[in-house]
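Architecture and fold: a report
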Amino acid sequence: METEQVIIIGSGPAGYTAAVYAARADMNPLLFEGQRLGGSPGGQLMLTTEVENYPGFPEGLMGPDLMEKFKAQAVRFGTRIVSEDITAVDFGSRPFKVQAGEKEYFAKSVIVCTGAQAMWIGVPGEEQYQGHGLSACATCDGFFFRDKEILVVGGGDSAMEEANFLTKFAKKVTIVHRRDTLRASKIMQERAMKNPKIDFLWNTEVREVLGDGTKLTGVRVFNNQSNEESELATEGLFVAIGHKPNTNIFKGWIDLDEKGYVLTRPGSTVTSVEGVFAGGDVADHRYRQAITAAGTGCMAALDAERWLETQA
Ligand code: NAP
């Protein structure tokens, strides 16, 4: 039985950054790039088009190209990458065990970077137009909707925040909500209601995302009071109905908050299990940026390195 110094689970900005730091610290990391967790290897950035806010790339670059660079940098320093989903872990004793189907791997330390995923409505056309008019991230993609009329789906704080942010660019933002009352906090509701660029469409469910084959052109909606269906033309649709962290396999092993995010000791990446660290969106429901994920991925590798030194 071979025991790794460190196993990194996840291949988004946090996982690859942890790998770069761990490899350069001679920890010979083994990184699992999941095929399902987070949507695809490379994480959520694989679902975006242009990334213009990642420092160091003044011209911007495509999300998948950025992830290719992250990966190349991790590999350059000797990270070994396994293209398998981790299906179970055992953090109950050391060395820690992680399992990919029938295969078992053992490690002295583990860095959890499995990310989070935006929740989608689950209607036809949604997958096809992601990154082509349809987004779940106003901070990432809002800029591309200057002077356009766009829709935001959701009635929580995220939807209000995204809608407000989008009015910096868009001519008009319509919040489409499935009920006639918002779930958002009072202050966020008021801010949205007072914004002259924001309108509301109540009791309305998006039933289909429409497009011309290359980009989104509208949505088919259903009014659940009048039972009528209609089509709305729009160039942009933001789905803001919440995120969920990819932590199913960690339940019962490390402490999670009530939404399922990994709890870390403030100012560090230390989890409730000594030797297990977490970085990126899996432990962050607040900032959720590639740069903050990379930052906490770096912290996780440094925390793991220091902890391993104390175990020698
Ligand atoms: P949330 O509070 O769970 O709200 C999700 C919203 O999406 C709800 O209005 C829900 O409708 C709607 N929704 C869910 N599934 C849907 C579906 N399939 N189709 C259409 N609509 C759907 O999620 P969130 O807004 O992301 O907020 C998550 C947490 O983060 C909250 O605790 C929130 O306070 C916090 N947060 C805070 C801030 C801030 O303070 N600045 C910003 C963002 C988030 P229903 O209302 O009908 O259930």
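Preceding this section is the structure that the text describes.
None of the values given here were measured: they were computed from a predicted structure.

With that out of the way, let us pick up the overall build of the protein. Across its full length, the protein holds six helices and 19 strands. For the protein, whose C-alpha radius of gyration is 21 Å, the value lies close to the compact-globule estimate of 20 Å for 312 residues. Summarising its shape, the C-alpha atoms of the protein cover approximately 65 × 40 × 35 Å along the three principal directions. The burial tally for the protein puts 51% of its 312 residues in the buried class. When the accessible surface of the protein is summed, it comes to about 15,100 Å², and 48% of that surface belongs to carbon and sulfur atoms.

We now examine the nonpolar core. Counting 30 residues, the largest nonpolar core has I8, Y54, L66, F70, I111 and F277 as the members making the most contacts within it. Secondary-structure elements contributing two or more residues to this core are β1 (3-9), α1 (13-24), α2 (63-76) and α6 (290-311). Here this core gets eight residues from one element, more than from any other, and that element is α6. Non-local contacts of Y54, meaning those with residues more than four positions away in its chain, are made with L66, F70, A290, I291 and A294. Among the nonpolar cores identified, the runner-up in size contains 24 residues, and V82, I86, V110 and V282 belong to it.

All right, on to helix α5 (residues 186-194) then. Burial in α5 covers these residues: M188, Q189 and A192. Down the axis, α5 shows its buried residues gathered within 100° of arc, on one side only. Residues of α5 that are exposed and point more than 90 degrees away from the buried face comprise K186, I187 and K194. Of the surrounding elements, those touching the buried residues of α5 are α4 (157-166) and β13 (198-201).

By secondary structure assignment, the location of T271 is in the loop between β18 (243-245) and β19 (276-278). There is a polar contact of 3.2 Å between the side chain of T271 and the backbone nitrogen of V273. Side-chain polar atoms of T271 contact the backbone oxygen of V276, separated by 2.7 Å. Once residues lying within four places of it in the same chain are set aside, the contact partners of T271 are I254, V262, L263, T264, V276, F277 and A278.

Here we take up the site of the ligand. Taken together, 15 residues are adjacent to the ligand, and D157, S158, R178, R179 and R183 come closest. For the ligand, an oxygen atom lies 3.0 Å from a polar atom in the backbone of G155. Here an oxygen atom of the ligand and a side-chain polar atom of K259 are 3.3 Å apart. The protein chains hide 68% of the 910 Å² of surface that the ligand would expose on its own.

What follows concerns the packing of α4 against α5. Contact geometry of α4 with α5 gives a least axis separation of 9 Å together with a crossing angle of 35°. Where α4 crosses over α5, the two elements pack in a sense that is left-handed. On α5, the residues that touch D157, M160, E161 and N164 of α4 are M188, Q189, R191 and A192. In terms of residue class, the contact of α4 with α5 is built from three nonpolar, two polar and three charged.

Moving on, we get to empty space enclosed by the protein. In this structure the tally under the stated criterion is one cavity of 30 Å³ or more. The volume enclosed by the largest cavity comes to roughly 50 Å³. In terms of lining, the largest cavity is formed by A118, M119, A136, S158, E162, V239, A240, I241, G242, H243 and R288. Taken together, the residues of the lining of the largest cavity break down into six nonpolar, three polar and two charged. Two domains share the lining of the largest cavity, each providing at least three of its residues, namely domain 1 (3-118 + 243-311) and domain 2 (134-239).

Turning our attention to the side chain of T79. Structurally, T79 can be placed in the loop between α2 and β5 (80-82). Side-chain polar atoms of T79 contact the backbone oxygen of A74, separated by 2.8 Å.

Counted by the stated rule, this structure contains eleven salt bridges. Here E33 ties to K71 by a salt bridge, and the two come within 3.3 Å at their closest N and O atoms. A residue pair is termed long-range when its members are at least 10 positions apart, and E33 in the loop between β2 (30-32) and β3 (50-51) and K71 in helix α2 qualify at 38 residues. Note on K71: relative accessible area 24%, which makes it partly exposed.

Conventions we followed
Residues numbered from 1 in each chain as written. Predicted model: local features only at pLDDT ≥ 70, side-chain atom pairs only at ≥ 80, totals over all residues. Heavy atoms only, no water. Helix = DSSP H or I, 4+ residues; strand = E, 2+ residues; numbered from the N terminus. Rg over C-alpha atoms; globule rule 2.2 N^0.38 Å. Buried < 20%, exposed > 50% of the residue type's maximum accessible area, 1.4 Å probe, protein only. Areas by Shrake-Rupley, 256 points an atom, 1.4 Å probe, with all protein chains shown as cover. Core = buried A, V, L, I, M, F, W, Y, C linked by side-chain atoms within 4.5 Å. Contact = heavy atoms within 4.5 Å. Arc of directions from axis to C-beta. Polar contact = N/O pair within 3.5 Å; in protein donor to acceptor, adjacent residues only side chain to side chain. Near = heavy atom within 4 Å. Axes fitted to C-alpha atoms, helices over the stretch in contact; angles between N-to-C directions. Left-handed = near helix turned anticlockwise from the far one by under 90°. Nonpolar A, V, L, I, M, F, W, Y, C, P; charged D, E, K, R; others polar. 1 Å grid on protein atoms, 1.4 Å probe; cavity = no way out; pocket = protein on both sides within 12 Å on 5 of 7 lines; lining within 4 Å. Points joined across faces, edges and corners; volume = space filled by probe spheres on them. Domains from an automatic or database assignment. Salt bridge = Lys/Arg side-chain N within 4 Å of Asp/Glu carboxyl O.

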